[in-house]
Amino acid sequence: MEKDKNRNRRSPIFLIVSMLCFIILIIIIIYNFYSLNKSSTKNKELNNTLNTLKENYNIEINKESELKNNIDELNNIDNNISKTKEEVFKLASKLENKITNNETKYKIAYLTFDDGPYYSTDKVLDILKKYNIKATFFTIGLDKDICFDNKNYSCADTYKKIVDGGHTIANHTYSHLIFRGLYNNSELFINQVIKQEELIKDRTGVTTNILRFPGGSNTAKSLCRNDIDKIMKSLQDRHYGWVDWTAQDGDGGYLPSYEKAWSNFTNSINENIEVILFHDYSNITISMLPKAIEYLEERDYILLPLFYESIKVNK
Ligand SMILES: [Zn+2]
């Protein structure tokens, strides 16, 4: 009797739980259906863009404006489709060659942001998205579980946001401790590179092989002295390339005024292929970033993310 009573009491609950499960199942099915649809449309758009690009990339100088439009379209390409990205980078390599041979009026600017992620990295990502351009982020890993510039937040997910935004995520060593042992010996340095490579892979699924030495390659050379050859050899063995910079606003190390940062920036832009150093912690850089992007685009710079094959990546 007591058993029957219990069963009667349980059955409405059982019915409600079953109904809930059924509803959740229906929601999952509908969601998957729409996701699949969305992804296949994206692929289609991507292939169209690529085909247009290929057709128009029989680089004739009088077709430059079309080329520019197509390169602008590249920025809509889904970052996760690595095969297409490889083709895009091949085209960017060709453009670099044309620029080097003075066969085009167009120029390239690689915007790079060092030392992040920070809480303020989101602002940088928003601006880049608004202007529909891709950049490169040289990230570190130490103390990023809590954002340095806003301790109420974690920066752990920002690595993935960078990759999802279609930007190049690159290695700036795990600790960046230039004057606290980073360059003491080659083994220690390479371990710091590997540690950051693994962190990036873990958080984003991307294996990077682009490095910027903390402080730049000249700092590395002067602090490592005899070990620099070993470091360069180890990097080559791991198929790494490294990048310095050719322009900057001076936002690292000290805090320039807006006016000073702007004049530093504009005075440093004078090459046909620029690698521009910014830091995503700098509020000055963030406040002048829209104007800096417009400044470059008005001067025929095409803004692209760095890639291993670029002539600016030392191998
Ligand atoms: Zn740095």
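Residues numbered from 1 in each chain as written. Predicted model: local features only at pLDDT ≥ 70, side-chain atom pairs only at ≥ 80, totals over all residues. Heavy atoms only, no water.

J.: Outline the state of the cysteines, supporting the account with residue identities and numerical values.
T.: In protein structure, a disulfide is the covalent linkage between the sulfur atoms of two cysteines. The final tally for this structure, using the stated rule, is one disulfide. Here C147 is linked by a disulfide to C155, with a sulfur-sulfur distance of 2.2 Å. Between C147 and C155, the S-S dihedral sits near 120°, and the bridge is therefore right-handed. For the pair C147 and C155, one class covers both residues: buried. (Disulfide = S-S within 2.5 Å. Buried < 20%, exposed > 50% of the residue type's maximum accessible area, 1.4 Å probe, protein only.)

J.: Break down the environment of F278 for me, citing the residues and quoting the values.
T.: Following the sequence through the fold, F278 ends up in strand β7 (residues 273-279). Sequence separation between F278 and A247 is 31 residues; the distance between their C-alpha atoms is 9.1 Å. When near neighbours in sequence (up to four residues on either side) are disregarded, F278 contacts L111, T112, F113, D114, D249, D251, F265, T285, M288 and L289. (Helix = DSSP H or I, 4+ residues; strand = E, 2+ residues; numbered from the N terminus. Contact = heavy atoms within 4.5 Å.)

J.: Tell me about helix α4 (residues 121-130), residues and numbers included.
T.: Along α4, the residues that are buried comprise T121, V124, L125, I127 and L128. Along the long axis of α4, the arc covered by the buried residues comes to 160°, so they all point the same way. When the buried face of α4 is taken as reference, the exposed residues oriented beyond 90 degrees from it are D126, K129 and K130. Close packing links the buried residues of α4 with β1 (107-114), β2 (136-139), α5 (158-164) and α11 (283-298). (Arc of directions from axis to C-beta.)

J.: Before we move on, could you go through the packing of helix α7 (residues 186-204) against helix α9 (residues 228-237) and cite the residues and values that matter?
T.: At a minimum axis distance of 9 Å, the contact between α7 and α9 shows a crossing angle of 35°. You can see that α7 and α9 cross each other, and the crossing is right-handed. On α9, the residues that touch S186, F189, I190 and V193 of α7 are K230, I231, S234 and L235. Within the contact of α7 with α9, the residues separate by chemical class into five nonpolar, two polar and one charged. (Axes fitted to C-alpha atoms, helices over the stretch in contact; angles between N-to-C directions. Left-handed = near helix turned anticlockwise from the far one by under 90°. Nonpolar A, V, L, I, M, F, W, Y, C, P; charged D, E, K, R; others polar.)

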